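# Summary of structural features
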Amino acid sequence: MGFVSVEALGGSQDGDVVIVGAGIVGLASALHLQDRGFRVVVFDPGDPRGRASFGNAGVLSRNSIFPVAGPGIRRRLARYGLGRDVAVRLRFGSLPRLLPWVRRFIAAADEAHWRESAHLLDSLVARAFESHAELAGRVGARHLIRANGWLRLYRDRASLDASALERSVLAEHHVRADVLSAEEIRQLEPGLARRFSHGLFFADSGSVESPGELVDFYARAVAERGGRFVTEPVQRIEAGEGALSVHGAGTTVRARFVVLAAGARAADLARPLGYRFPLAAERGYHRHFALADGASLNRPIHDAAGGYVLSPMAGAVRLLTGVELALPDDPPDHRQIERVTADARRTIALSDPIEPEPWMGSRPSTPDGRPIIGRSSRHPGLIFAFGHGHIGFANGPFTGRIVADLIAGSPPPIDIEGFSPRRFGG
């Protein structure tokens, strides 16, 4: 299925709510707003493959409560900068524009900030699976949601022991993280090579069979309920008397409310209105492979040492890299995906790649690892909903419910003060 494309409206139009971005956050917001009787217009260039919602691992991870900036990251900075860690790459040519973000990131990389963010993120992440299952069920896509858990794998005991603090904090938040032996790993995933001595099984997590297909279901449902799509890139957002205007290439829509859910592009669109959000593009790559005869993979796995994730999807396996810190418009650099491909072939029997070129996308990342969700400080009708980093796809449906509550004047289901745009002057 392709992305739902509705003919551009043309000229100047009005709506109740304009949503900028048709990724998982924007579409979930649209569906929840429609439940409350709002007319929605969604602006998006209409390229489904360009969205982070398309290219992720599809993991609905109960354990993803930790920001990237955490204890020990500072002593690894030199390793990252020298390109010695396959999980993290840095585009040095983009560093001057990334420096404000990097400074804040380093400042947040201590245990106190890390624990605080884990506590705040837990309230969001705890609802990821049930929110996806409920929303998918309403649009006829429940079959894409699997309650199969996921695995993080270690190649030696020392690597498992290094996760002790993380496991302790997970336990404080009642997140299951079952320690597995090599034999228990083989029982769960007999198709993997015997290169892992220990693992963590996150039984309360799940996954999505095809993230892109699920997003298509949501987009179709929005359109079937009367939502209108403008398949143009947004050029600017302007504030007027009692309303906001969203300008595309040939279409302008005025509305009382605008939801900015444009992912890595959101900071650029907010800047002319006076908001300066530190947002980096955590670039990621993926490629699909068929499995050789007799090989199988039952759930997503993360090879901690290899710096990659393998996720079964629609009869194939999606191989995903770690992070490349760059700007959204930087050209692709396939060295990271090529390196992890060679390593992943020693974990499972991968056949030839299905696509001629790897996919590349950008995750919108804040330096403290928390999304930006809430009303803007100077424009009451402008709602921010972006910056989820690695957890945007998993937490999109619940974020959409929060957005709808903010616009409808209802109290959000959780305390969102820790995600407020005001922490960055927004």
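In short, a report on the structure. All of these numbers come straight from a predicted model, not from anything done at the bench. (Residues numbered from 1 in each chain as written. Predicted model: local features only at pLDDT ≥ 70, side-chain atom pairs only at ≥ 80, totals over all residues. Heavy atoms only, no water.)

### Overview of the nonpolar core
Heads up, the rule is: Residue types Ala, Val, Leu, Ile, Met, Phe, Trp, Tyr and Cys, when buried and joined through side-chain atoms within 4.5 Å, form a set referred to as a nonpolar core. Throughout, exposure labels follow a simple rule: accessible area from a 1.4 Å probe, protein chains only, divided by the maximum for the residue type, with under 20% read as buried, over 50% as exposed, and the rest as partly exposed. Helix numbering and strand numbering both begin at the N terminus, where a helix is a DSSP run of H or I of at least 4 residues and a strand a DSSP run of E of at least 2.
Counting residues in each nonpolar core, the largest one holds 67 residues, and the members touching the most others are Leu214, Tyr218 and Val259. Sorting elements by how many residues they give to this core places helix H13 (residues 392-408) first, with 8 residues. Counting 27 residues, the second-largest nonpolar core is a separate cluster that includes Val230, Leu244, Phe384 and Phe424.

### Considerations on the side chain of Ser376
In plain terms, the rule: Contacts described as polar in this section are N or O atom pairs within 3.5 Å, which, within protein, must combine one atom able to donate a hydrogen with one able to accept it, while residues neighboring in sequence count only if both atoms come from side chains.
Structurally, Ser376 is set in the loop between strand E21 (372-375) and strand E22 (382-386). On the basis of relative accessibility, which here comes to 6%, the residue Ser376 falls in the buried class. Polar side-chain contacts of Ser376 include one of 3.4 Å to the side chain of Tyr275.

### Description of helix H6 (residues 128-138)
For the record, the criterion: Residue contacts are defined here by distance: any two heavy atoms, one from each residue, within 4.5 Å place the two residues in contact.
Within the sequence span of H6, burial applies to Ala128, Ser131, His132, Ala133, Leu135 and Ala136. Looking at the buried residues of H6, the elements they touch are helix H1 (24-35), strand E3 (59-60), helix H5 (111-125), strand E5 (145-146), helix H10 (211-224) and H13. Following H6 by one or two positions, Gly140 has its phi on the positive side, about 80°.

### Quick notes on the packing of aromatic side chains
Quick reminder of the rule: Under the pairing criterion, centres of Phe, Tyr and Trp rings, with the six-membered ring standing for Trp, must be within 6.5 Å; the plane angle then separates stacked pairs below 30 degrees from edge-to-face pairs above 60, leaving the rest tilted.
Considering all chains together, one arrives at 8 aromatic pairs under this definition. Judged by centre distance (4.6 Å) and plane angle (15°), the rings of Phe66 and Trp114 are stacked. One end of the pair, Phe66, is in the loop between E3 and helix H3 (77-81); the other, Trp114, is in helix H5, with 48 residues separating them in the sequence. Taken as a pair, Phe66 and Trp114 share a single burial class, namely buried.

### Overview of the environment of Ser377
Tracing the backbone through its elements, the reader meets Ser377 in the loop between E21 and E22. Expressed as a C-alpha distance, the spacing of Ser377 and Ser420, which sit 43 residues apart in the sequence, is 9.7 Å. Other than its neighbours up to four places away in sequence, Ser377 contacts Tyr275, Gly425 and Gly426.

### Details of H13
Condition: A helix's residues, less one, multiplied by 1.5 Å, set its expected span. The quantity called bend is, for any residue, the angle between two axes fitted respectively to the seven residues ending at it and the seven beginning at it.
Its 17 residues give H13 an end-to-end C-alpha distance of 23 Å, which sits within 8% of 24 Å, the value for a rise of 1.5 Å per residue. Taken as a whole, H13 carries its principal kink of about 35° at Phe398. In terms of burial, H13 is largely enclosed, as 15 of its 17 residues are buried. Positive backbone phi, at 80°, marks Gly409, one or two positions downstream of H13.

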